[in-house]
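The lines below spell out each chain.
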Amino acid sequence: MRPRRSTWIWLGVLVAAEITAWILRRTGSEAGCLLRVLTVLAATILFWRAGVFLFQLIIRRLSLRLAFSHFLIGIVPIPLTAALALAAAYIVAHQVMANRMRRETTAIGVAALSSTPPPPRVSLTDEGAVQSSGVSWLAPGARVDWLQNLERPGFVEAEGGLWLAVPEGPKAVRLLDLSDADAPWAQRLADATGYEVEFILGDASTENRGLRIETGDDGEQGVRIRSKNRAAASPTVRPHARPTPGKGYRKGEWIHAFYLETLANAAESEKKTGHNVAILKATTSPEVVADQLFHQGVAGMANVFWIVFVSIAALLLLVYLVAVAIALVLVGSIARNVNRLTRAAQAVGRGDFSVRVGSKSRDQIGDLARSFDGMAENIQGLLRETAQKERLESEIAMARTIQHKLLPPAEARLEGLSVLAHFDPVAEIGGDYYDYLAMPDGRTALPLGDVSGHGLPTGLLVAMAKSALATLIESGLRDGELFARLNEVMLRSTDPRHYMTLCLLAYDARTRRGSLTNAGQLPPYRVSNGSVESLALPAFPLGLFPDRTFPTRDYAFAAGDLVVFHSDGFIEAVNGADEAFGFDRFEAVLRSHGGSGAPGLRDAILAAVTEHTGARPQDDDRTLMIVTLD
């Protein structure tokens, strides 16, 4: 890749501007505004074009493309997988902390039953009413079905605070005031779990976007919080073993977990919808969660898990690095072979067919290189044959051009008639022939013939027959005598392997009469007022036997009649089942489309034959000449 000419011009502008500015500084002058603008403009354009050039250079290099593809496939998934693993680890840590808080809260409540002094006690009657109460917010006689049905420690909201109700028996409940800062319950939970804990009262509700928690806080990670007339039920309490938060990613306390439970004394409707909840909030560090997950009775056992994990991670990293190295080696090998192939292909493009890649690789690229070498060798050997074929094809092309020029235009309007022809040779040089000639007696000769075979010899015979026919017509010969003399010419000019079929209609526009002479050619058809008539005159072709006579018959025509001449390429056209198009189909098309005029009839015949043959290639010349009599 070479820089464009304009790039060199801008580079010259930048260098000239810098030199001029240096000279001005040396002489004590200041560079003008125009000079600075030119410098900035030239530098900007050169910088932009350098970026574009480098990008195009990277894109066109196969090795860099492969390396970039390897990066996308092998490197990009690593951070995505790491992010997924971190999210999963955070979810696991959250659930572990929440379940631990739930278990330890239950254990603290059960242990409180035997504490001294014991927590306040509430006794119930058989009807579920308060018999005796150790708290002021539960008066004797009050209905407390929610206490009677309590099977495990549950949370209760009372007097703006949070309590823990612990069943003591079938009809007795102990109440622990979790909101009391002087009570030991929050501290015991923090010491038992190792987390910084806080009890919160809130309302929970479901939304289209998930769960919404409304408390009196400003908000915490993991829940969506709105301000309401409810606040924290206890102060934040830290475990005695961790008086101050740690620092760093491992020791920093940035993991937050929440355990939510519906209040036992919430209304039934609130219990069903999940409103009025107690929230146990915990905050700790990854170090604490990891120690709890891998804790063993023997301290050294926890390190075993870390050693196994680190070993597996290191092994995977080593395998990945080895895979990257192997991939780079393979990419380099592919790139080298491709570059050698590229240089060889460029040399062949310049005409040097002696170049060889000479690759020793045993992969597909090596096979391709060896195939390229064989191709170059074959091309070098075929160049001489190609030159000979080109000369021959040039001569054939010239002969084809001459043949087409020998044929008259496909459309013509003559005295009393119009001609529409279709000529479709199967080879470069066809054997079919059509023409329309003026005769000395004022009539118009309309011949259509077919020379056996294809190719250059056939084309020469067609040219000879056209020339001989025109000469004999100009000499005044007509009808059977004309064909007899033409038969003699054919016999002298060729061997029995080549012959010519020909039919000729000599039409008189003044009397609308015509004389038809045939020499083995398929009979033409007259299409008149919806009827189709075959103008058949059986006879031998020209050039087979000497001293032959050829029949002639006169026909009277009417204005608007169509005379359809055709070669056997239409009738003998076969489909995939080797079924010929045949006379019946041809005549059916003439009957159904004869009234649509010469162009419509021509298109209908061609379409019908194409539909019949389908994808099968054409195997004979097809010539059609439709004469419309005015």
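Residue positions within a chain follow its written sequence, with the count starting from 1. This being a predicted model, a pLDDT of at least 70 is required before a residue's local features are given, and a value of 80 or more before pairs of side-chain atoms are given or counted; all residues contribute to the totals for chains, interfaces and linings. To obtain the side-chain values, all non-hydrogen atoms of the structure were included, while hydrogens and water were left out.

Novice: How should the overall build of the protein chain be read in this particular structure?
Specialist: If you tally the helices and strands in the protein chain, you get 16 helices and 22 strands. Counting all 630 residues of the protein chain, 39% fall into the buried class. Note on definitions: a residue-residue contact is assigned when non-hydrogen atoms from the two residues lie within 4.5 Å. Excluding contacts between residues fewer than 6 apart, the proportion of contacts in the protein chain whose partners are at least 24 apart in sequence is 63%. A run of DSSP states H or I qualifies as a helix once it reaches four residues; a run of E qualifies as a strand once it reaches two. Both are numbered from the N-terminal end. Type-normalised accessible area, obtained with a 1.4 Å probe on protein chains alone, sets the label of each residue: buried when under 20%, exposed when over 50%, and partly exposed for intermediate values.

Novice: I tried to follow the pairing of strand β5 (residues 172–177) on my own but got confused; where do I start?
Specialist: Within a regular strand, the side chains alternate between the two sheet faces. Most of β5 sits inside the fold, with five of its six residues counted as buried. Strands were regarded as paired on the criterion that DSSP finds at least two bridges between them. Summarising the sheet, strand β4 (residues 161–169) and β5 pair through six bridges and their orientation is antiparallel. The residue of β5 that forms the bridge with W163 is D177. Linking two consecutive strands that pair antiparallel, namely β4 and β5, is a turn of two residues.

Novice: Mind showing me how you'd approach the pairing of strand β11 (residues 411–414) here?
Specialist: Pairing analysis gives four bridges linking β11 to strand β12 (residues 417–424), with the strands arranged antiparallel. Counterpart to L414 in the pairing with β12 is L417. Counting the residues in the hairpin turn of β11 and β12 gives two residues, including G416, whose phi is positive at 80 degrees.

Novice: In this structure, what is going on with the side chain of D508? I would like to understand it.
Specialist: When you line up the elements, D508 lands in strand β16 (residues 500–508). On the basis of relative accessibility, which here comes to 13%, the residue D508 falls in the buried class. Those residues in contact with D508, other than ones at most four positions away along the chain, are R443 and R513.

Novice: Got a minute to help me understand the sheet that holds strand β21 (residues 562–566) in this structure?
Specialist: Strand pairing in a sheet is mediated by backbone hydrogen bonds. Such pairs are either parallel or antiparallel. Pairing in this open sheet of six strands is antiparallel, and the strands run β11-β12-β22-β21-β18-β19 from one edge to the other. Pairing within the sheet leaves two strands with one partner each, and these edge strands are β11 and β19 (531–534). Between one strand axis and the next, the sheet turns through 20 degrees on average, direction left out of account. Bridging between β21 and strand β22 (residues 622–629) involves five bridges; their strand directions are antiparallel. The axes used here are C-alpha line fits, helices contributing only the stretch in contact, and every angle between their N-to-C directions lies in the interval 0 to 180 degrees.

Novice: Even after reading the chapter, I still don't get the packing of helix α12 (residues 456–474) against helix α13 (residues 479–493), so can you show me in this structure?
Specialist: Helix packing for two helices is described by the angle between their axes and how far apart those axes are. Running from N to C, α12 and α13 point in directions that differ by 145 degrees, and their axes come no closer than 10 Å. Seen from above, α12 lies across α13 with right-handed handedness. On the side of α12, the interface is formed by M464, A465, A468, L469, L472 and I473, while α13 contributes L482, R485, L486, V489, M490 and S493. Counted by class, the contact of α12 with α13 contains ten nonpolar, one polar and one charged residues. For any helix crossing, the convention is left-handed if the near helix is rotated counterclockwise from the far helix by under a right angle, and right-handed if that rotation is clockwise. Amino acid classes used here: Ala, Val, Leu, Ile, Met, Phe, Trp, Tyr, Cys and Pro are nonpolar; Asp, Glu, Lys and Arg are charged; the rest, including Gly, are polar.

Novice: For this particular structure, what's the right way to read the environment of H498?
Specialist: Looking at the secondary structure, you find H498 in the loop between α13 and β16. Through-space distance from the C-alpha of H498 to that of P457 is 9.2 Å; in sequence the pair is 41 residues apart. When residues no more than four places from it in sequence are discounted, the contact partners of H498 are S452, L461 and G543.

Novice: I'm lost on the environment of E127 in this one. Help?
Specialist: Tracing the backbone shows E127 in the loop between β1 (121–124) and β2 (130–133). For the pair formed by E127 and Q148, sequence separation is 21 residues and the distance between their alpha carbons is 9.1 Å. Among all residues touching E127, those that are not within four sequence positions of it are R143, D145 and Q148.

Novice: Please explain the packing of aromatic side chains as it appears in this structure.
Specialist: To describe a pair of aromatic rings, one takes the distance between the centres and the angle between the planes. Centres within 6.5 Å are what make two rings of Phe, Tyr or Trp a pair, Trp counting through its six-membered ring; a difference in plane orientation under 30 degrees is then read as stacked, over 60 as edge-to-face, and the rest as tilted. Here the structure, examined in full by the defined rule, presents nine aromatic pairs. Between the aromatic rings of F570 and F586, the centroid separation amounts to 6.4 Å while the plane-to-plane angle is 55 degrees, which identifies the pairing as tilted. Note that F570 is positioned in helix α14 (residues 568–571) and F586 in helix α15 (residues 582–593), a separation of 16 residues in sequence. We note that F570, like F586, is buried.

Novice: How do you make sense of the packing of α15 against helix α16 (residues 597–613) when you look at a structure like this?
Specialist: In contact at an axis separation of 10 Å, α15 and α16 are set at 145 degrees when each is read in the N-to-C sense. Crossing geometry of α15 relative to α16 is assigned as right-handed. Taking contact as the criterion, the partners of R585, F586, V589, L590 and H593 in α15 are, on α16, G597, L601, A604, I605, A608 and H612. A class-by-class count of the residues in the contact of α15 with α16 yields seven nonpolar, three polar and one charged.

Novice: So what exactly am I meant to see when it comes to the sheet that holds β1 here?
Specialist: A sheet is described by the order of its strands in space; here five strands give the open sequence β2-β1-β5-β4-β3, paired in antiparallel fashion. For this open sheet the edge positions go to β2 and β3 (154–158), each flanked by a neighbour on one side alone. For this sheet, the mean inter-axis angle between neighbouring strands, taken without regard to orientation, is 30 degrees. Of the strand pairs in this sheet, β3 and β4 are connected by five bridges, and their pairing is antiparallel. Bridge pairing in β4 places E157 opposite L162. Packing of helix α4 (residues 77–112) onto the sheet brings it into contact with β3, β4 and β5, and relative to β4 it is tilted by some 60 degrees.

Novice: What is the right way to read the pattern of salt bridges from this model?
Specialist: For side chains of opposite charge, pairing can occur when their charged atoms come near one another. Each salt bridge in this description consists of a side-chain nitrogen of Lys or Arg and a carboxyl oxygen of Asp or Glu lying within 4 Å of one another. Under the definition given, this model contains 21 salt bridges. Of the charged contacts in the structure, one is a salt bridge between E168 and R121, with a shortest N-O distance of 2.8 Å. Here the residue E168 occupies a position in strand β4, and R121 occupies one in strand β1, the gap between them amounting to 47 residues. Linked through salt bridges whose partners overlap, the residues forming this network are E196, R238, R242 and E253.

Functional significance is not addressed by these values, which are geometric in nature.
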